[in-house]
Amino acid sequence: MDRRGVCALMVLWAMAHLGSPADGSRSLRRTTGGRKGSLGLTGHDANGVPLRRSKRGWMWNQFFLMEEYTGTDMQYVGKLHSDSDRGDGSVKYVLTGEGAGTLFKIDENSGDIHATKRLDREEKAFYILHAKAVNRQTNEALEGESEFIIKIHDINDNEPRFTRDPYIAHVPEMSDIGLIKTALSGMDREVKEKYLVVIQAKDMAGQMGGLSGTATVSITLADVNDNPPRFTKTLYEFRVPESRELGSSVGAIRAMDADIGQNAEMDYRIIGSDGPGMFDIISNRSTQEGVIVLRKPLDFEKKRQYSLRVQVENVHINPRSYKMGPFRDEASVRITVEDVDEPPAFERPSYVMEVREDADRNVIIGTVSASDPDDKRSLVRYTIDRRTDMDRLFDIHAGNGSVYVLRDLDREENAWHNISVIASEFDNPRLISRVPVYIRVLDVNDNAPTFATNYEAFVCENAKANQRIQTVSATDPDEPIGGHRFIFSLAPEAAGKANFSVRDNKDNTAWILTRRSSYSSLQRSVYHVPVVISDGELPALSSTNTLTIRVCTCDREGNMKLCNPEALTAKAGLSTGALVAILLCVMILLMIVVLFAALRRQRKKEPLIISKEDVRDNVVSYNDEGGGEEDTQAFDIGTLRNPEAIEDSKQRRDIVPETFYPQVRRPVLPPSRDNNGDVRVFITQKLQDNDSDPTAPPYDSLATYAYEGNGSVAESLSSLESVTTEGDQDYNYLSEWGPRFKKLADMYGGDDSDS
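Residues numbered from 1 in each chain as written. Predicted model: local features only at pLDDT ≥ 70, side-chain atom pairs only at ≥ 80, totals over all residues. Heavy atoms only, no water.

*Asks:* Just to check I follow, could you spell out the pairing of strand E19 (residues 279-284) for this structure?
*Replies:* Looking down a regular strand, the side chains alternate between one sheet face and the other. Strand direction decides the pairing type here: E19 and strand E20 (residues 289-294), joined by six bridges, are antiparallel. Pairing of Ile282 across the sheet is with Val291, part of E20. Between E19 and E20, which pair antiparallel one after the other, the connecting turn spans four residues, and Gln288 there sits at a positive phi close to 55 degrees. (Pairing = 2+ DSSP bridges. Helix = DSSP H or I, 4+ residues; strand = E, 2+ residues; numbered from the N terminus.)

Below you can see the structure in the form of structure tokens.
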């Protein structure tokens, strides 16, 4: 039977229980004891005979309607009828309430009620409406308003639905029977992890005509630790150079575990080794690897291969899986050490040496030793890192490593010297190693004791004999093993006529005592007491230290009243003002003497130009500033570059020559075309000529060497170029050159008698 047939059966069942006629016609009639205008619910049989119900058996205020009506016409609900309705059309039926006018419509003439739409009980199970009959003309109510309910009958139109789709469940593998039973025993996650199960639900207890729904359940097998770890190989091999640093990785091994998560976590450990403590293994939780690390330094020359036995085991073991066997595995590891060219190795990590501070130079104080650890046994060369021995106090023999003294030592200056010795191979000097050498300088008694400080002692004029005026102590930069033991005494040369005595207290101190009573500052204001201090070492050293004692004026209790230079001068009758006046007078007299000497020297100084008859070149000084490069009238430094002015010897022009040279005419050299002469060389040569001249005066002088320059019509005007014999030379043309050359025309022009 299909769904439509089931719905028809349910409609018949409902009508049978409601007492409705077979044609399903229903009417609502309201009666009040035969009162006119009553509205009631009436039903008619197939022949049209009214059916009357007792008051208790009929609920007149309810209509029933099937949901999900599939007919083409509107579904008939029921009929309203009033006793006032005579069939003449004067009565109008009005319907109000839930769904009135939209879901439910009433024929205002006949009172028939129809459902306009398909109704769904799951959306709304009942509707409350109100009906009344009114006069069509006056719109007045013919009777009171009646309320009735339309209930929607349910039909099986919804299949069962699951609240979730899909369902996700996790079931441990190898689980026991549960709500959802496993069809296979021993389900293994490592074989298949996920399963999809479709579950169907039916209503009506699974009877015919019921609806059903399905849902998918995704079942994931959760992992349990049912697989032990296994190494992929029985032997792992690694190669590592002997220079590998401590703590670095040598290699990594890994075991495989079919489980996942914490069930696959593994611990590695070394259970056997032929080099105890050489290696260690660390478990890496992120990669589940066992990392082998180096713990002790390798040496290819001592051991070239190591063998290890490594075990791996699961961290988290399921007790139910013990019956499957041990959850561990073992493997062997072979590590081969590779040879590396290593630097020389010292026998000790550091060296300590001792040397006396009075040791002679080139004395050996100790030896360092290093060797090449490689099989080739290369020779080793030793040097000292000079950055650690800046003063070059020590040196080392390059071949045997003997450290010796290179310079004199002084313990009092530096008691320890820390140097660094470098060892390198002859075959490969780049391979070096260092070792610290600590040199201790041993003390030698080479310093005499002296006063511990500069003492200022005084004695009162009214002092008594054997009175203590000062306590002195001594110091010695040496450090004897038994400590210092100083001996104080008065110098022998002062013992006979001493005014003071020295008493040794045997505790490295001494007292200075007076040997007589009463001292006079007028007779002698200062006494110098020589004190001899010697140490108790072998050989003993001593020094004489002078203690200055001033004589002061004191009161009766021995307190000093006057004991300074002002007091001493005051007793002599000179005040401070008098001393200052005397000093000023001496300074003024000294200044007058210096000024007078300077004036006399200036007067005796002979001028450079004595008379007009001096025909030598004159140096004329102008105090005006030149105009720079554009000043063509000023002196040009280019004149110093004339090589024609260089001659072997020239007369000085700042002194009068003792004898006149004969006037010998010399040929005039043609002007040189080379303008690039070295000015520095030229000036240096002239400076040497003047310095070596024995006739030079004992004061600085200025000598100029100048020429007019190449390209000049007059050529050079310097006397250096002038001929010694001027008889054949005509200088009358100088007067034609203008007033600037008038001086030269007067000097060189005219008759020979003038010259």
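*Asks:* What's the story with the state of the cysteines in this structure? I'm lost.
*Replies:* Tallying each qualifying case throughout the model produces one disulfide. What pairs with Cys460 in a disulfide is Cys554, and their sulfur atoms sit 2.0 Å apart. Across the disulfide from Cys460 to Cys554, rotation about the S-S bond amounts to roughly -80 degrees, and the bridge is consequently left-handed. In this pair, Cys460 is assigned in strand E33 (residues 457-460) and Cys554 in strand E39 (residues 542-554), connecting sequence segments 94 residues apart. On the basis of relative accessibility, which here comes to 7%, the residue Cys460 falls in the buried class. (Disulfide = S-S within 2.5 Å. Buried < 20%, exposed > 50% of the residue type's maximum accessible area, 1.4 Å probe, protein only.)

*Asks:* Explain empty space enclosed by the protein here, please?
*Replies:* To find leftover empty space, a probe the size of one water molecule is rolled over the atoms. Throughout the structure, instances matching the rule amount to two cavities of 30 Å³ or more. Counted as a void, the largest cavity has a volume near 40 Å³. Around the largest cavity, the lining residues are Asp476, Asp478, Pro480, Gly483, His484, Arg485, Phe486, Asp535, Gly536 and Glu537. (1 Å grid on protein atoms, 1.4 Å probe; cavity = no way out; pocket = protein on both sides within 12 Å on 5 of 7 lines; lining within 4 Å. Points joined across faces, edges and corners; volume = space filled by probe spheres on them.)

*Asks:* What's the story with the pairing of strand E10 (residues 126-135) in this structure? I'm lost.
*Replies:* Sheet topology places strand E7 (residues 91-97) next to E10; seven bridges connect them, and they run antiparallel. Opposite Thr96, over in E10, you have His130 as the bridge partner. Alignment of E10 against strand E11 (residues 146-153), held across six bridges, turns out to be antiparallel. Its bridge partner lying in E11, Leu129 is registered against Phe148.

*Asks:* It is not clear to me how the sheet that holds strand E30 (residues 416-425) should be interpreted in this structure. Could you clarify?
*Replies:* Strands belonging to one sheet form pairs held by backbone hydrogen bonds; the direction of such a pair is parallel or antiparallel. Across the sheet, four strands lie side by side as E24-E31-E30-E27; this open sheet has mixed pairing. Looking at which strands have only one partner, the edges of the open sheet turn out to be strand E24 (351-356) and strand E27 (380-384). Here the average twist between neighbouring strands, direction ignored, is 30 degrees. As paired elements, E27 and E30 share five bridges and run antiparallel to each other. Its bridge partner lying in E30, Thr383 is registered against Ile422. (Axes fitted to C-alpha atoms, helices over the stretch in contact; angles between N-to-C directions.)

Any functional reading would require information beyond the geometric quantities listed.
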